[in-house]
Amino acid sequence: MSAPMIAPSAGATHTGLLGLGVYRPSRVIPNADLVEAIDSSDEWIRQRTGIRERRWATPEETVQMMAVSAARDAIADAGLDPRQVDCVIVATVSHLLQTPAVATLVAHELGTEQAAAFDISAACAGFCHGVALASDLVRGGSARHVLVIGVERLSDITDVTDRGTAFIFADGAGAVVVGPSDTPGIGPVVWGSQGEQANLIRQREDWRDALAASAAGGTATMPHLVMEGNAVFRWASFAMAKVALEALDRAGVSADQLDIFVPHQANMRIVDTLARSMKLPEHVRIARDIAEAGNTSAASIPLALARMKADGEAKSGDLALFIAFGAGLTYAAQVVIVP
Ligand code: UT7
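Residues numbered from 1 in each chain as written. Predicted model: local features only at pLDDT ≥ 70, side-chain atom pairs only at ≥ 80, totals over all residues. Heavy atoms only, no water.

### Some thoughts on the overall build of the protein chain
And step 1. Scanning the protein chain from N- to C-terminus turns up nine helices and 14 strands.
And step 2. In summary, the protein chain has a C-alpha radius of gyration of 20 Å against a globular reference of 20 Å for 339 residues, a match within 12%.
And step 3. Referenced to the eigenvectors of the C-alpha coordinate spread, the extents of the protein chain come out at roughly 70 × 50 × 40 Å.
And step 4. In the protein chain, buried positions account for 53% of the 339 residues. (Helix = DSSP H or I, 4+ residues; strand = E, 2+ residues; numbered from the N terminus. Rg over C-alpha atoms; globule rule 2.2 N^0.38 Å. Buried < 20%, exposed > 50% of the residue type's maximum accessible area, 1.4 Å probe, protein only.)

Here it is as structure tokens:
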């Protein structure tokens, strides 16, 4: 008797982004509301980061609520029904319940038919990791329509008295549907991690230590995010240009052929330095959502793309370059066709 053969799995030859949706929280926080607690000024924050205001979620605007809202719009934009989504990936670092994954709750609330659902943790690079994973799942035959959601409520884990982070982090959600396409719509991912620099952006302490410290001090404190901003700034501005150029190379396209550049919205000066280091041609339009959105980590790229579409700076069919980087350190970049 011959040994049993496992049937191979095969999926679509090409994949693409089929739809986009976003959610911006209702509460607008101008710089002026934050400066007193950190001895800063509106002018300093604008000059050093390009941020004028950001959105912070209200109690009702939970991670799940924002994720579902963005996802519904992405599914509608793709012309699909939630029952056609067979996998949900949520990229987030601010879902404060250790288990279950928020993706399972999102899949259920959307009305998928028991879609596979899981969360991924790659910080600000989480959305690009999700797009890469989703594309490979569809090409490998493990799923047909994958919802990728980047969602954050960083205001929950930001210390409003921390001079290095209080003015940067913000909240929001963005989602795309990844599915089969007649032509290639998602290029090869260039990604990686540098765990030796894990201390540069991190949760200050783990939950157990936070609990012990709170018990000893008699007050409950959240384990907030801390960042060595200047070291991250230098790494992101220079090392990431090489990664972005490699993603262009892997996709077989040149910077000249790009319509838009959508880097993670960490700091406007990083956005500008990246574009300069990559020698992006003048005609390539650059995402600058950070001015009104702040740094929304995993949500920043879909939010920035949606603003460009709404402002007429990007349209369906445009050739775009994504690059994201953050805690870990992690990074990921890919070329895509705008949905
Ligand atoms: O999304 C994940 C990845 N994250 C990032 O990519 C963030 C990267 N980092 C940054 O965006 C920047 O490092 C920050 C915006 C966080 C800080 O800007 P910086 O230009 O790196 O500031 P710095 O820490 O080097 O400080 C420069 C000066 C110092 O004063 P002196 O020594 O030059 O007199 C600081 O004391 O700015 C002062 N400073 C402030 N002043 C007013 C630092 N923080 C503040 C503040 N307000 N909040």
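### A look at the nonpolar core
And step 1. Among the nonpolar cores identified, the biggest contains 37 residues, and Val262 and Phe322 are the most heavily contacted of them.
And step 2. Considering each element in turn, this core owes the most residues, six residues, to helix α4 (residues 126–140).
And step 3. With 34 residues, the next largest nonpolar core counts Phe233, Ala247, Met278 and Leu321 among its residues. (Core = buried A, V, L, I, M, F, W, Y, C linked by side-chain atoms within 4.5 Å.)

### A short note on the site of the ligand
And step 1. In the neighbourhood of the ligand, 22 residues make up the surrounding shell, with Ser40, Arg48, Asn230, Asn267 and Asn295 lying closest.
And step 2. At 2.7 Å from an oxygen atom of the ligand is found a side-chain nitrogen or oxygen belonging to Arg48.
And step 3. The contact in question runs from an oxygen atom of the ligand to an N or O atom on the side chain of Asn295, over 2.7 Å.
And step 4. Look at the ligand: alone it shows 950 Å² of surface, and the protein chains cover 72% of it.
And step 5. With four residues, helix α6 (residues 229–251) is the largest single contributor of residues to the shell around the ligand.
And step 6. A class-by-class count of the residues in the shell around the ligand yields eleven nonpolar, eight polar and three charged. (Near = heavy atom within 4 Å. Polar contact = N/O pair within 3.5 Å; in protein donor to acceptor, adjacent residues only side chain to side chain. Areas by Shrake-Rupley, 256 points an atom, 1.4 Å probe, with all protein chains shown as cover. Nonpolar A, V, L, I, M, F, W, Y, C, P; charged D, E, K, R; others polar.)

### Some thoughts on α6
And step 1. In this model α6 runs 31 Å from its N-terminal to its C-terminal C-alpha over 23 residues, within 8% of the 33 Å that 1.5 Å per residue would give.
And step 2. Its maximal kink placed at Met240, α6 deviates by approximately 35 degrees.
And step 3. Elements that come into contact with the buried residues of α6 comprise β8 (190–193), β9 (201–203), β10 (225–227), α7 (268–277), β13 (319–326) and β14 (330–337).
And step 4. Following α6 by one or two positions, Gly252 adopts a phi angle in the positive range, close to 75 degrees. (Expected span 1.5 Å × (residues − 1). Bend = angle between axes of the 7 residues up to and from the residue. Contact = heavy atoms within 4.5 Å.)

### With respect to the packing of helix α2 (residues 63–77) against helix α3 (residues 102–110)
And step 1. It is the contact of α2 with α3, at a shortest axis distance of 10 Å, that shows an interaxial angle of 50 degrees. As the angle between them shows, α2 and α3 are arranged oblique. Handedness of the crossing formed by α2 with α3: right-handed. Every residue of α3 that contacts α2 at Val63, Gln64, Ala67, Val68, Ala71, Arg72 and Ile75 is listed here: Val102, Leu105, Val106, Glu109 and Leu110.
And step 2. For the contact of α2 with α3, the residue count by class is nine nonpolar, one polar and two charged. (Axes fitted to C-alpha atoms, helices over the stretch in contact; angles between N-to-C directions. Parallel < 35°, antiparallel > 145°, perpendicular 65-115°, else oblique. Left-handed = near helix turned anticlockwise from the far one by under 90°.)

### What about the sheet that holds strand β11 (residues 260–263)?
And step 1. Strand order in the open sheet formed by five strands is β8-β14-β13-β11-β12, with mixed pairing between adjacent strands. Edge positions in the open sheet fall to β8 and β12 (285–286), since each of these has one partner strand only.
And step 2. Two strands pair when backbone bridges link them, and β8 and β14 are joined in this way by four bridges, in the antiparallel orientation. When the sheet's bridge partners are listed, Ser193 is paired in β14 with Thr330.
And step 3. Running over the sheet, α6 touches β8, β13 and β14 and is turned about 40 degrees from β14.
And step 4. In the packing of α7 onto the sheet, contacts are made with β11, β12 and β13, and the angle to β11 comes to roughly 135 degrees. (Pairing = 2+ DSSP bridges.)

### Structural notes on the packing of α6 against α7
And step 1. At their nearest, the axes of α6 and α7 sit 8 Å apart, and the two run at 25 degrees to each other. As far as their axial angle goes, α7 and α6 are roughly parallel. Two packed elements cross with a definite hand, and for α6 against α7 that hand is right-handed. Across the interface between the two elements, Phe233, Ala236, Ser237, Phe238, Met240 and Ala241 from α6 touch Arg269, Ile270, Thr273, Leu274 and Ser277 from α7.
And step 2. Of the residues in the contact of α6 with α7, the class split is seven nonpolar, three polar and one charged.

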